[in-house]
Protein chains: 2
Amino acid sequence: MIPALPRVDVSDRIARLRAALADEGADAILVTRLPNIRYLTGFTGSAAMALITATDGLFVTDGRYREQSAEQLGAAGCPLEIAIGLGADDQRDHLRRVADRAGVGRLLLEAGGVTWAQARDLADRWFPDLEVLPGDPIVETLRMVKEPAEIERIRAACHIADDALASLLERLGTGITERAFALELEVAMRERGADGNSFDPIVASGPNGAKPHARPSDRVVGRGELVVIDFGCIVDGYCSDMTRTVSVGEPSPEARHMWEVVHEAQAAGRDAVAAGVEAAAVDRVCREIIAAAGWAEAFAHGTGHGVGIEIHEDPRVSQASSATLLPGHIVTVEPGVYLPGIGGVRLEDTVAVTEGGCDPLTAFPKHLVV
Amino acid sequence: MIPALPRVDVSDRIARLRAALADEGADAILVTRLPNIRYLTGFTGSAAMALITATDGLFVTDGRYREQSAEQLGAAGCPLEIAIGLGADDQRDHLRRVADRAGVGRLLLEAGGVTWAQARDLADRWFPDLEVLPGDPIVETLRMVKEPAEIERIRAACHIADDALASLLERLGTGITERAFALELEVAMRERGADGNSFDPIVASGPNGAKPHARPSDRVVGRGELVVIDFGCIVDGYCSDMTRTVSVGEPSPEARHMWEVVHEAQAAGRDAVAAGVEAAAVDRVCREIIAAAGWAEAFAHGTGHGVGIEIHEDPRVSQASSATLLPGHIVTVEPGVYLPGIGGVRLEDTVAVTEGGCDPLTAFPKHLVV
């Protein structure tokens, strides 16, 4: 099911990070957020730090990951020296040694990626001789524009999700519970090669659909009911995200109207996506259509978000977003309407931004009645 | 499969938090870590904050969770007022209103539960008139001692894991891959009522077992090989954790020796668990047995950790731990030996600490040859 994927090579990423560091006027950054560690080094374990200086660098993990880190950094072309720190003090000493060797004075931490307690500890006890500064999400900013090898992974994850849903849609008419359908969907994605879910799937039928983030329950999906199905998977570290809302048999006229309004909003939002467009403008396109139907308050979330190593990343597609879309950004377009006691509709695609528009990565058809 | 579980009532937890706050000399705490939010309020969504003062309090979430928060806080007996903040400014205003009303001067944040960026924002922009202080993990400390309703959930999760493994062990001899076995294990737990995995299962055969945190691969499990199987599930928000290492058919004498040493260490560690015992002493018992076999360096992780709403919580069972075990603590005992190029052995139980010893919650038999 998964096509041959081009190799991910991280060496250029570290070069781009160094350029960004120079722009920030810092000598080094201590990367602690695991999605950023993965992006920069290829390492997929649960504990590591990377110190990147203008010309030097060190990857530190613990004894559990001695073999794995050597394998993964090697495969990804990561140029960093690897140190195994058997305890916190040992890890600190390794990092200090390289900071000294590189003459680091001003060290950025990832202010959005360390806890306040960690920041205090790093500044006061690990690096008392350095100027430790709260850094912006520099690596996250690099991650926004996806390389072809990344887009292919997200495309493969989207394709698996499309195919899994196609294989199971008729199961909705068999008296299945939300929970059982969610499990079948997860298994179908895994059997097609997914590494796992990109998030716990939402299968929300009837009134449950009014909760945008409902968890699958033991409720049996009934005929003529709206069912919101929001799900995705991970392929080699990259996420997919798609929502479809369907009804087994004809729904009520009100439900059909909700669906048609959201369908129009989603199509308009997707059509608005292009390089050079403000993300907030995409949100506005969707929001105005829903507001014109009288449901402004019932669309109580942003229109979308970036997708990549994390299921929610920058750029955000919302009223508050200041981002301008660029080629290689991958975002969702997912307006919704939620009416307490009645139900909800959300339709969502994951798309890759291109010069003239977008490349939809999720392709499952949008039909209300199945 | 899941027995009737006693209701979780959170009202006493907030009372205990207030007592702890008074001990800290603070007027209020802003709880932001989601596992702590769940513990204090019953809310399971992905975004919320709770301000708890000596006599007052507020739960704030966003528009997606209007219905869910009302349902869950009501069901859990949480006495907090609920506010829906449609954006960050709106949430801030709700919190300021209650902080003013309660006369808060000294406000604790969860220093280990907010990022440095969030802490700066909260201190400088949300609460510039308050003394905003880095708080210790107060809620995590409350969470260490489990109530009977919590122990029953963890017991149910452990029982599901036991039963799922029993149903599948013979599949290891059928030429199955690590990845396929992991998926079958996950499905078997879900079919028995689990809400999901407590972590991605580890199924590591032959040389892969030398990586303590290996991910399941497409390697076929061979006969006479050690296979490390580390997995768990979630029942109503509470985790289980168990590891077994088995061989389909007789393994090499060296593999058998490794297994027997780890088996002895694990049994001794588990037997050492009791209220009043230092967690570090349990680690020492395991470590000495493995060191005596010449493998001190090959046991490159701690002996165990607390289990509850999170798969890894306090108390830690390690050389560095300063915890003393108390009745109601739930911890794992999981020594291991890892030999690069050869393989690994880990055996793990989750146990509830009692006055005289411990109550093993995972009960699957430990046999090397299956």
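Presented here is a report on the structure given in the accompanying data block. None of the values given here were measured: they were computed from a predicted structure. Counting of residues starts from 1 at the beginning of each chain's written sequence and follows it residue by residue. The order in which chains are written sets their letters, starting at A; the order in which ligands are written sets their numbers, starting at 1. It should be noted that, the model being predicted, local features are given only for residues of pLDDT at least 70 and side-chain atom pairs only at 80 or more, the latter also being counted only at that level, while totals for whole chains, interfaces and linings use all residues. Side-chain numbers come from the whole structure's heavy atoms, not from hydrogens or water.

1. Some details on the interface of chain B and chain A
The cut-off we apply is this: Whether two residues touch is decided by their heavy atoms; if any such pair falls within 4.5 Å, the residues are in contact. Should a side-chain nitrogen of Lys or Arg be within 4 Å of a carboxyl oxygen of Asp or Glu, the pair is scored as a salt bridge. Throughout this description, a polar contact denotes any pair of N or O atoms lying within 3.5 Å of each other; where both atoms belong to protein, one of them has to be capable of donating a hydrogen while the other can accept it, and for residues adjacent in sequence the pair is counted only when both atoms sit in side chains. Helix and strand assignments come from DSSP, with helices taken as H or I runs of at least 4 residues and strands as E runs of at least 2, each series counted from the N terminus. Residue type decides the class: Asp, Glu, Lys and Arg count as charged, Ala, Val, Leu, Ile, Met, Phe, Trp, Tyr, Cys and Pro as nonpolar, and the leftover types, Gly among them, as polar.
Across the boundary between the two partners, chain B contributes 37 residues, which contact 37 residues of chain A. For the interface between chain B and chain A, the tally reads 6 salt bridges. Where Asp-195 of chain B meets Arg-179 of chain A, a salt bridge forms, and the shortest distance between an N and an O atom there is 3.0 Å. Summed over the shared surface of chain B and chain A, the result is 16 residue pairs in polar contact (both at pLDDT 80 or more). Only helix 3 (66–76), helix 5 (116–126), strand 6 (131–135) and helix 8 (178–191) of chain B provide two or more residues apiece to the side of chain B that touches chain A. Ranked by residues supplied to the side of chain B that touches chain A, first place goes to helix 8 of chain B with 7 residues. The residue makeup of the side of chain B that touches chain A, split by class, is 17 nonpolar, 9 polar and 11 charged.

2. Looking at the relation of the copies chain B and chain A
Which entries qualify depends on this criterion: The fit set for superposing copies consists of C-alpha atoms from residues with pLDDT of at least 70 in both; the fit itself is least squares.
Between chain B and chain A, the superposition needs a rotation of 180° and an axial shift of 0.0 Å, giving an RMSD of 0.0 Å. Here the symmetry operator amounts to a two-fold rotation axis. Looking at the interface residues of chain B, 100% of them are also at the interface in chain A, so both copies use one shared face.

3. Digging into the sheet that holds strand 4 (residues 81–84) of chain A
Residue and element names in this part refer to chain A. Inclusion rule: Two strands pair under a simple rule: DSSP has to find at least two bridges between them. Every axis in this analysis is a line fitted to C-alpha atoms, fitted for helices over the stretch in contact. Angles between the N-to-C directions lie between 0 and 180 degrees.
The sheet built from 6 strands is open, its strands ordered 4-3-2-1-5-6 with mixed pairing. Looking at the sheet topology across the chains shown, the edges are occupied by strand 4 and strand 6 (131–135). Between one strand axis and the next, the sheet turns through 25° on average, direction left out of account. Sheet analysis places strand 1 (residues 28–31) next to strand 5 (residues 106–110), joined by 3 bridges and oriented parallel. Looking across to strand 5, one finds that Ala-28 is bridged to Leu-107. Sitting on the sheet, helix 3 (residues 66–76) touches strand 3 (57–61) and strand 4, and the angle it makes with strand 4 is about 170°.

4. Side note on the nonpolar core
Counted only if it meets this: For this analysis, a nonpolar core means a set of buried residues of the types Ala, Val, Leu, Ile, Met, Phe, Trp, Tyr and Cys, connected via side-chain atoms within 4.5 Å. Classification of residues uses two cut-offs on accessible area relative to the type maximum, computed with a 1.4 Å probe and protein chains only: under 20% is buried, over 50% is exposed, and between them is partly exposed.
Leu-107 of chain A together with Leu-107 of chain B are the most contacted members of the largest nonpolar core, which has 44 residues in total. Look past the residues within four positions of Leu-107 of chain B in its chain and what remains in contact with it is Ala-28, Ile-29, Leu-30, Leu-51, Phe-127, Leu-130, Glu-131, Val-132 and Leu-133 of chain B. With 40 residues, the next largest nonpolar core counts Ala-50, Val-139, Tyr-238 and Ile-330 of chain B among its residues.

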